[in-house]
Each structure stands twice: as C-alpha cells, then as structure tokens.
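Examining the three-dimensional arrangement
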There are 2 protein chains.
Amino acid sequence: MTIETALEELSSLLGQRLSRSKSDLEQHGASESHFPLTPPDAVAYPESTEEVSEIVKICARNGCPVVGWGAGTSLEGQAQAFQGGISVDFRNMNKVLRVGAEDMDVSVQPGITREALNTELRATGLFFPVDPGANASIGGMASTRASGTTAVRYGTMRDNVLGLEVVLADGRIIRTGTRARKSSAGYDLTGLFVGAEGTLGLITELTLRLQGQPEAVTAAVCAFDKLDDAVQAVIATIQMGIPMARIEFVDEATAAAFNGYSGSDMPLCPHLMVEFHGSEAGVQEQAEIFGEIVADHGGKGFEWATKPEDRTALWKMRHHAHWAVLASKPGAKALVTDICVPISRLADAVNETRADIEASPITGPILGHVGDGNFHAILLFDDENPAEVQAVEDLSHRMVERSLAMGGTATGEHGIGVGKKKYMDAEHGAAWDVMGDVKQALDPQNIMNPGKILRGN
Amino acid sequence: MTIETALEELSSLLGQRLSRSKSDLEQHGASESHFPLTPPDAVAYPESTEEVSEIVKICARNGCPVVGWGAGTSLEGQAQAFQGGISVDFRNMNKVLRVGAEDMDVSVQPGITREALNTELRATGLFFPVDPGANASIGGMASTRASGTTAVRYGTMRDNVLGLEVVLADGRIIRTGTRARKSSAGYDLTGLFVGAEGTLGLITELTLRLQGQPEAVTAAVCAFDKLDDAVQAVIATIQMGIPMARIEFVDEATAAAFNGYSGSDMPLCPHLMVEFHGSEAGVQEQAEIFGEIVADHGGKGFEWATKPEDRTALWKMRHHAHWAVLASKPGAKALVTDICVPISRLADAVNETRADIEASPITGPILGHVGDGNFHAILLFDDENPAEVQAVEDLSHRMVERSLAMGGTATGEHGIGVGKKKYMDAEHGAAWDVMGDVKQALDPQNIMNPGKILRGN
Ligand SMILES: Cc1cc2nc3c(=O)[nH]c(=O)nc-3n(C[C@H](O)[C@H](O)[C@H](O)COP(=O)(O)OP(=O)(O)OC[C@H]3O[C@@H](n4cnc5c(N)ncnc54)[C@H](O)[C@@H]3O)c2cc1C
Ligand SMILES: Cc1cc2nc3c(=O)[nH]c(=O)nc-3n(C[C@H](O)[C@H](O)[C@H](O)COP(=O)(O)OP(=O)(O)OC[C@H]3O[C@@H](n4cnc5c(N)ncnc54)[C@H](O)[C@@H]3O)c2cc1C
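These figures come from a predicted structure and were not determined experimentally.

Residue and element names in this part refer to chain B. Taken together, the neighbourhood of ligand 2 is formed by 37 residues, with Gly68, Gly70, Thr73, Ser74 and Ser137 sitting nearest. One of the side-chain N or O atoms of Ser74 is found 2.6 Å from an oxygen atom in ligand 2. The separation between an oxygen atom of ligand 2 and a polar side-chain atom of His369 is 3.2 Å. Here ligand 2 loses 97% of its free accessible area of 970 Å² to cover by the protein chains. Those elements that provide at least two residues to the shell around ligand 2 are strand S3 (66-69), helix H5 (138-144), strand S10 (201-209) and helix H13 (321-327). Tallied by class, the residues present in the shell around ligand 2 amount to 15 nonpolar, 19 polar and 3 charged.

Written out as structure tokens, the structure reads:
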C-alpha cells in the first residue's frame, strides 16, 4: 500500500496515459497563483468514467491522493498536489454528450472549456453564460463554484448545474439530479459537489442549464470621477430592478493597465462596463434608465457598443484584465484576492480597500463583478522582496477581515483551496466542522484532494 | 434513556409549552395528506434558538425522535411523527428579525408564514416570491424545498435562501451562508439543509432574498380546446425567452371545480393562467408576444386582469384549487401527486396522465406550475373503498414511473417524506446511499425526523 504500488497499477491500466515526465509533472505542480511548485507523482489522462473509477479504486487501495485537474486556472492552489499523488487531468474527456435544444440544457464531460462549449453551441441559438476570466474547464468551474461577469443575471455554477455524474472516493459512480428543472427528491447532492473542489469525488459528467441568445444586446462603458460614485450607481441600478446582464467595475489603475495592454484610451478614472440583454425595446428601455442613473451619479463619456465586434472587444479587454495588470509591472507576481459583501456595504468595502492599498507600498488594481457585491484586488509584488510579500499578505488578510466584518464571505468565487483555509473558522465556526463530518463520511481515507478546504486535513 | 425521561426533562425546561393534550397531539399527528393519524408523544413550543438546542440535547440524550412542525401542510407525511417522539412546533418563533431593504434580504424565524412575511414587507416595496398553495411556514418551505406559481421567474426555496441557522442533532448551533449574494467558501451547507425535511437538523433562522415589487403587473386567463395546445403554448413561450412571472395550467376538471367553489364561469376546457412583471412597456411587450403565441396555438377568450383586485381574485382562485377540487366531491380524500419532467416531455407526460386517469374509475383534476415542467394530479377517492384506494395508488405510481422514464423527478416540490421513499432507489440509485452517509454523519442516532427520505431508517 504505497504510492509506488499505485503507480504500477495505474500504469498497467493507462499505459502511455499515465505520465511521469518532468514537464507533465511541473505543469501540474504549478498554477496561475502564487503557490510554490508542487509536482504530483504522476499525471493520469483518463478517457472514460469507468477509467476514472478504476483510477480512484487503485488510489483508494493504496492510500494515494487523487487531485482533479481541469485547466489549472484556480487561484487558491486548489489543483496542486501539495501531498503528492495523482493529478487526474480531464483534457481527454472534453466532449459535448447531448444538446437538449428544446429543454435548453446540455450534458458535457468535465474537461471541455467554457469557450469550446460555447463554440459548439453556436448553431443552436443557446449559450452557457458562466464566464470566469480564464478559459477554465466546466468540471473545474463546477468544483470551485465559479462565476463571472454574467452572474448578476444568470447566476453562478451553483445555479447552472442541473445534475452530475461523480466518481466517489471508493470508485462508486453516482448520478445526482435529473433533467427536470427542479426537484424536492431528497438531499441536494448536486449542490454538495458543486464547490467541493474535488474533495468529495471527481465529476465525470455535468448537465447544465443553457440560455437563449438574447434578441438584442447592448453594452457600454462609462467613466466616473470618484470610485464611490460608480459603486453608488451600481447599487441604484440594482435597486431599480434593472435586469443587467453584466455590470463590471474597474478602477483607475485597471483602466491604465487596459490602455497599456489592449491599446484602448480609457480616461484614467473609475469605470463601469455594462451589458443589457433582451428584446430590442427592452434593451433600449434599460439602457435609457441606466443612462439616467449614471448621469445622476456624475458618470460621463458614455459609449454604447451595439455592434457585436465592439462588444467582443470590450469583454475581451475585461476578460484579459489579469494579464493586462500583470503586464503593467513586468516580472511581478500577483496575489489576487476575491471578496463578496452585501451590496449595501460595497462602497465601504471598495473604498476602504482602495485606501489601504494606497497607504501600502503595493500596486493593486481593483475590479470586479460588482453587481453581486464581488470584487478583486490584483496585488502585484516581487516575490524575492520579503517586505512586499508581507505587505500583499497583510493587505489580502485585511480585505477578508473587512468582508467578514461586513457580513460578507472570504471568497465570492475563487474558492478556498489552501490559500483561504485560514479564514474558514472565522467565516463558518462550527459549520466548518460539519463540512468535515461530510468529508469524513464520503472520503474516510482522505484521498480526494487532501489538504484543501477542510480543517487540519 | 427513554421517551418518558425526555418528556420529564422537556417539561421542566418548557413548562406549559410542552403539551400532551389530546387535541395538540392529534393536530400534530395529522396532515393535509392521506396518511393515518400518528400523534407524537408531546408537542414542544420553543421560543428561542437556545431552547431548540436544549430540546434537541434532551432528546439526543434520551434517544427520542425530534420532528419539526411548521404549518403541517406538507403532503407526503413529512411532519408526522410515525415513530413517536417530540413534535417541535415553531409557531412562537415567527418574527421578522431584520429587513435589509438596501440588500433586498430579510432574516426571519422559521415559524412565520409566507403570507405573514409578505404582509410585514408590504411597506418596503419588497416581497418574498415563493408561494406554495398553502399558507406554509418559511421553515417548512425551506425544509421541503418548496416552490409555487412564481418559481418559473424567481426560483424555488433552493434559490431564495441565502443562509440558515440550524440546530444539529447533538444540539450544536451552526450558521450557514453569509449575507453576500454568492460565495465559494467551502461546501454549500445551506443547500444541504434546504430540502432535508428536518432529517439533518432544525432550522431556527433563515436569511432570504427578496424581490422588488414590479413597476407593472398584468395577468390573464385564456382557454384552449385541447390540453396539448395549452402545453405547446407554454413550451413555445419558454423557448421565446419571455420572462413570465407565473404560468399555470389547469385542466377542464379543475376549471369546473373553480366554477363550483369560487363562482367563476370559466368555460369547461383547459386553461393557462399567466402573469407578467416588469416595466409598463416591458409587460405590454411580453403580453403582446404571449397573445400571439396563444393565438397560434388556438387559444381564445383572452381576459387580461390589469386591476390589482382582479389579479388577486385570479390567484386566490388558483391558490384555493386544492380546496375547490376537494369540495367538488364531498367526503372524498385526495392523494396529490406531484411530478416534474423536462419541458420537452411535458405534453406527453400530461397527456398520458390524463388518459390514464380517464381509463380509471377515479376523478383526478390535473393542474400545475407548467413553466417548470411541474404538474400535479389531485386524485379523489373514498378511503373506505379498497378498489378506489388501489386505483389512486396505481395512478400515482404510474405518474412517477412516467416521470422517471422521461428524465424527470418523483417530486418537483412536495418532497419525499414517507410517501415517496419507494421511488428514491429508482431515481437516485447509489446516490441514495450517499444521502444515507451524510445523514449518518450528521445524525448518527437517527433522532431527527426518523423514517423520512432515507433508505430503511
Ligand atoms: C485570469 C484569471 C481570471 C479568473 N477569473 C475568474 C472569475 O471571473 N471568476 C471565477 O470564478 N474564477 C476566476 N478565476 C479562477 C479560475 O478560473 C476558476 O477557479 C475556475 O473555475 C477554475 O477552473 P479550472 O478548470 O482551471 O480548474 P482547476 O484549476 O484545474 O481545478 C480547480 C479545482 O477543481 C478540481 N477539479 C477540476 N476538475 C475536476 C473534476 N472533473 N472533478 C472534481 N474536481 C475537479 C481541482 O482538483 C481543483 O480543486 C480566474 C483565474 C484566472 C487565472
Ligand atoms: C392546498 C395545498 C397546496 C399546496 N401547494 C404547494 C405548492 O404549490 N408548492 C409546494 O412546494 N408545496 C405545496 N404544498 C405542500 C406544502 O405546502 C409544502 O410542502 C410546504 O413547504 C410545507 O410547509 P409547512 O410549514 O406546512 O411544513 P410542515 O408540513 O409543517 O413540515 C414540512 C417538513 O419540514 C420539516 N420542518 C418544518 N419546520 C422545520 C424547521 N424549522 N426546521 C427543520 N425542519 C422543519 C417538518 O419536519 C417536515 O419534514 C401544498 C399543500 C397544500 C395543503
């Protein structure tokens, strides 16, 4: 019962599809975040649910950690094998299995990326709305309970996964949910696996809700003198009940990074980027009311992008924000902190964070999905400068403390992994132990992504 | 360690608020459904979370079952104490604790009813949308994962509970969720307790999302010659992406029952009842498109109710459907079966069910929240006539089998309780065992509402 035995058995199961090459191990030992390299012992590339089940059975017999790998874009070290073991890379399980055009749903394998899925759906008039800034895999997105620019209208992964196929820690294969839109038939296991970061099982299939392509779409950017005005405009828009499809905030520093990276010429001040979906008349009406709200809050320089290519350019710029900010300080590392507060506290949270960053030696643009009360700071630092490392850690720590004190959460969408475990106690108290009880019940050997989310595992 | 010891300890804790009166026991031993009377050993009326915790601790020490009681309107025997023990009635814990007008949320105690909550919210311009046909308690609604006429627009209890306070099986008090709109901070415990029918703990506080009262509302009823046409019109409306706030189907037999009970004069044929929420222009536009779809499907006799009192009368009639149907056959009992299928199978499911009922000796109006693919048959029978009892059981059984065969669920909203446990295996297979593992982890003594939902408990 050792990892070596597991590797031998896995190798005879998978042949070439169990890799121990240095480049494979290093690629799966790193992530988009600031954690040290931690290569797994091997990388498995399964091609079917049955193979995943066999992999997990072998690992269970040998007490070998099993860590799912989608696109490796998670930001809290979730996909890294800190305790060694097998990285299960789903890249070969990336098919669309069924499109239910009438039911507006789709079944997919976990390895498909959100962009590939939407490309495949294009001809159907339907789309999958959840859009994190990276081209993540659907299995990874479900596992971190991801969201993105459209959550304000279409919800997060929690709202858009109808059902799952999961391989449990003992290799059993289960299905959760049905294709019905709602159900009261027992515990919501779908909801339990969504956001579990692979600590309760590996997802091998997902059934997702789709949305119809709206008849009309319009998007705009507008500028504000003060950050506070932009945030107040968001709050007013939500309270008016205007069904925004997207509403994103970027601060002055982010606008500067966009200009440098995308060749835009945004004025150096806070902005809102907004999009409306609906009928021609509906979109028109929403845009007008929004225009009035923005004017009331001192917004200006309103530019509507009604042409598809202008909108694509706009959202591409937004989705590339991370890279734009990184490029603004060559050589720097980024610690991205993600918090989410009740909307009534959003202005306070953003303002206090801005002031805190300004009082520090750190450059840290702020941007976010403010329609949900969710925003990020991309804290840039030199990882060889201990003072900067300390400063970004302190800033990030105070952001989370601020969020919790305001009734918010330590993470709106990036998840816990190893990076935010230290806040679980403050956020959940005894409920954290209940998570541990569930983990213990479903994975008593603690082989599924050990070290993540749970207390002392 | 007996129930008697528990009763003594509870009595010294609660005094007069532990009742063993015959009328109290009988009231808490019956339900709105067709199950036999099963009085609990006593009824407790706690007034605080701490008291609930003490009650559960006493019951845990003495191995005494604990069954939550909201309004007792659940239809699958969920609130009945089939194994005896204590019924914990939340009627005294019925306060609104906090209204977050800016955040559009509210914190309430579990015993408040949905009508009382909306009365309290009236002055705020906000409302809580989930509206089962009965005036259920919010704690009971969360526990059955209830929904109602507005789920097509605003979702079910799954979508509208942001956080909970729960007393666990050992008396520990936990909080799940925060006031942030979304979170990726660990397992979704809120979602685990919602729909658990009190088998994992007692809910002592809920934070709910609220909705803004729409600027404009309009509602209508329209008639169809054929059931199939009405259902096809629903499917077409959904696929057009029209954001209906409500879309309800009632068949000819239900229309007849309405006429008898509410003094309406609906033609004896299938109907749709629909409502739109939005801006003046938006509602107008939606109503027009819907009118065209209905005309395309042979709908007629369109009557718009734009005056609030006409709309209130319309939805009151719909909410009283259960009583109207019962009144149509004095002395009859009702077995209400609730299934939910993918929308593409809705017409088949309704048609086959209608034909099945017609081929039987049973009267069974069909109606439902068809925008979700969810419908009910209210099967009327004489409980002293074994042939009728058998016939309704067979009809109900075939409805569920049909739903599962179509990719649907055994229950869209009424839940499992004891009535639908027999379908859990067919619907969930090995996932049912996983629910059992979670139950075992959180309630190893099986004192929380034993006998419900789970395999052989
Ligand atoms: C530039 C950039 C922008 C981003 N913007 C956003 C954003 O807007 N919103 C947001 O939510 N996130 C954002 N993220 C974070 C990241 O994209 C998300 O966390 C995403 O959901 C990760 O998906 P992935 O496929 O890369 O998963 P991975 O990083 O590969 O894995 C994530 C977790 O899921 C587990 N896992 C993966 N596949 C499976 C499976 N099939 N079964 C079980 N467990 C599995 C892994 O073990 C790991 O715990 C951003 C990241 C970057 C780099
Ligand atoms: C006429 C009629 C129409 C109906 N229409 C609908 C409909 O449209 N949609 C729908 O979804 N349902 C409908 N129902 C069913 C019923 O109203 C719902 O199931 C409702 O959610 C039950 O709420 P309650 O307060 O009556 O709960 P109860 O019946 O008292 O309890 C339900 C379950 O919740 C548990 N429970 C209660 N309170 C708590 C608590 N605080 N903590 C933990 N567990 C608790 C109980 O133990 C039980 O298991 C209808 C019922 C009737 C009679």
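The discussion continues.
So, about the environment of Leu202 of chain B. Residue and element names in this part refer to chain B. In this fold, Leu202 is placed in strand S10. Once the C-alpha coordinates of Leu202 and Arg61 are considered, the two residues, 141 residues apart in sequence, prove to be 17 Å apart. The residues touching Leu202, leaving out its near neighbours within four places in the chain, are Val52, Val56, Val66, Gly68, Val88, Phe90, Glu165, Val166, Val167 and Met448.

What follows concerns the sheet that holds strand S4 (residues 86-89) of chain B. Taken in spatial order, the 4 strands line up as S1-S2-S4-S3 (chain B) in an open sheet, and their pairing is mixed. On the outer flanks of this sheet lie strand S1 (18-19) and S3 of chain B, each paired with one strand and no other.

Attention now goes to the relation of the copies chain A and chain B. Take chain A, turn it by 180 degrees, move it 0.0 Å along the axis, and it overlays chain B with an RMSD of 0.0 Å. The superposition of one copy onto the other is thereby described by a two-fold rotation axis. Take the interface residues of chain A: 100% of them recur as interface residues in chain B, which is what a same-surface contact looks like.

Moving on, we come to the nonpolar core. Membership of the largest hydrophobic core comes to 131 residues, with the highest contact counts inside it found for Met157 and Leu272 of chain A. Examining the composition of this core, we find that 7 residues originate from one element, helix H9 (residues 227-239) of chain A, more than from any other. Look past the residues within four positions of Leu272 of chain A in its chain and what remains in contact with it is Ala220, Val221, Cys222, Phe224, Ala230, Ala233, Val234, Ile247, Glu248, Phe249, Phe290 and Val370 of chain A. With 47 residues, the next largest nonpolar core counts Ala220, Val341, Ile366 and Val392 of chain B among its residues.

Where the parts come together, the accessible area they lose is often given as the size of the interface. Contacts between chain A and chain B engage 74 residues on the former and 74 residues on the latter. Linking chain A with chain B are 8 salt bridges, by the criterion used here. In this structure, the salt-bridge partner of Asp372 of chain B is Lys182 of chain A, at a minimum N-O distance of 2.8 Å. Among the secondary structure elements, those contributing two or more residues to the side of chain A that touches chain B are helix H7 (157-160), strand S9 (173-176), helix H8 (189-193), H9, helix H11 (280-296), helix H16 (424-428) and helix H17 (430-442) of chain A. A per-element tally of the side of chain A that touches chain B places H17 of chain A first, with 10 residues. By residue class, the composition of the side of chain A that touches chain B is 31 nonpolar, 24 polar and 19 charged.

The next thing to look at is the packing of aromatic side chains. Taken as a whole, this structure holds 12 aromatic pairs over all chains when the rule is applied. An angle of 80 degrees between the planes, with centres 6.2 Å apart, marks the rings of Phe35 of chain B and Phe82 of chain B as edge-to-face. Residue Phe35 of chain B is located in the loop between helix H2 (22-27) and strand S2 (42-44), and its partner Phe82 of chain B is located in the loop between S3 and S4; the two are separated by 47 residues in the primary sequence. We classify Phe35 of chain B as buried; its relative accessible area is 16%. Members of the aromatic cluster, each reached through a chain of ring pairs, are Phe276, Phe290, Phe302 and Trp304 of chain A. Cation over ring: Arg246 of chain A sits above Trp315 of chain A, and NZ or CZ is 4.4 Å from the ring centre.

All names here are of chain A. Near ligand 1 lie 37 residues; those nearest to it are Gly68, Gly70, Thr73, Ser74 and Ser137. The contact in question runs from an oxygen atom of ligand 1 to an N or O atom on the backbone of Gly72, over 2.8 Å. Separating an oxygen atom of ligand 1 from a side-chain N or O atom of Ser137 is a distance of 2.6 Å. Considered on its own, ligand 1 offers 980 Å² of accessible surface; in the complex 97% of this is hidden by protein. Those elements that place two or more of their residues in the shell around ligand 1 are strand S3 (66-69), helix H5 (138-144), strand S10 (202-209) and helix H13 (321-327).

Quick look at helix H3 (residues 49-61) of chain B now. Compared with an ideal rise of 1.5 Å per residue, which puts 13 residues at 18 Å, H3 of chain B spans 18 Å between its outermost C-alpha atoms and is within 8% of the ideal. Thr49, Glu51, Val52, Ser53, Ile55, Val56, Ile58, Cys59 and Ala60 of chain B are the residues of H3 of chain B that are buried.

This part takes up the pattern of salt bridges. Taken as a whole and judged by the stated rule, the model has 62 salt bridges over all chains. Among the ionic pairs, Glu54 of chain A bridges to Lys57 of chain A, the shortest N-O distance being 3.8 Å. Taken together, the residues Glu54 of chain A and Lys57 of chain A, both in helix H3 (residues 49-62) and 3 residues apart, mark about one turn of the helix. For Lys57 of chain A, a relative accessible area of 33% puts it in the partly exposed group. For Arg17 of chain B, the salt bridge is made with Glu51 of chain B, and the minimal N-O distance between the two is 2.8 Å. Remark: Glu51 of chain B occurs in helix H3 and Arg17 of chain B occurs in the loop between helix H1 (3-14) and S1; sequence separation between them is 34 residues. The two residues Arg17 of chain B and Glu51 of chain B agree in class, both being buried. Linked through salt bridges whose partners overlap, the residues forming this network are Arg98, Asp103, Asp105 and Arg179 of chain A.

Residue and element names in this part refer to chain A. Taken domain by domain, chain A comprises domain 1 (3-89), domain 2 (96-212) and domain 3 (216-405). Each partner contributes to the interface: domain 2 provides 12 residues, whereas domain 3 provides 12 residues. Here domain 2 and domain 3 share an interface that buries about 1,000 Å² over both sides, 51% of which is from carbon and sulfur atoms. Of all residues in domain 2, the largest losses of buried area upon contact with domain 3 belong to Thr149, Val152 and Arg153, amounting jointly to 56% of the total for that side. Connecting domain 2 to domain 3 are 1 salt bridge. The salt bridge involving Asp131 is made with Arg246; its shortest N-O contact spans 3.1 Å. In terms of residues, the side of domain 2 that touches domain 3 owes the most to one element, helix H6 (residues 151-154), which gives 4 residues. When the residues that make up the side of domain 2 that touches domain 3 are grouped by side-chain class, the tally is 5 nonpolar, 4 polar and 3 charged.

So, about the UniProt feature "domain: FAD-binding PCMH-type" (unreviewed entry) in chain A. Those places that UniProt annotates as "domain: FAD-binding PCMH-type" (unreviewed entry) correspond, in this numbering, to residues 35-213 of chain A. Counting secondary structure, residues 35-213 of chain A comes out at 23% helix and 24% strand; the distance between its end C-alpha atoms is 39 Å.

Definitions and limits used
- Residues numbered from 1 in each chain as written.
- Chains lettered and ligands numbered in written order.
- Predicted model: local features only at pLDDT ≥ 70, side-chain atom pairs only at ≥ 80, totals over all residues.
- Heavy atoms only, no water.
- Near = heavy atom within 4 Å.
- Polar contact = N/O pair within 3.5 Å; in protein donor to acceptor, adjacent residues only side chain to side chain.
- Areas by Shrake-Rupley, 256 points an atom, 1.4 Å probe, with all protein chains shown as cover.
- Helix = DSSP H or I, 4+ residues; strand = E, 2+ residues; numbered from the N terminus.
- Nonpolar A, V, L, I, M, F, W, Y, C, P; charged D, E, K, R; others polar.
- Contact = heavy atoms within 4.5 Å.
- Pairing = 2+ DSSP bridges.
- Least-squares fit on C-alpha atoms with pLDDT ≥ 70 in both.
- Core = buried A, V, L, I, M, F, W, Y, C linked by side-chain atoms within 4.5 Å.
- Buried < 20%, exposed > 50% of the residue type's maximum accessible area, 1.4 Å probe, protein only.
- Salt bridge = Lys/Arg side-chain N within 4 Å of Asp/Glu carboxyl O.
- Phe/Tyr/Trp six-rings, centres within 6.5 Å; stacked < 30°, edge-to-face > 60°.
- Lys NZ or Arg CZ within 6 Å of the ring centre and 35° of its normal.
- Expected span 1.5 Å × (residues − 1).
- Domains from an automatic or database assignment.
- Buried area = accessible area lost by both parts, 1.4 Å probe.
- UniProt positions renumbered as here; feature names shortened; annotations may be inferred.

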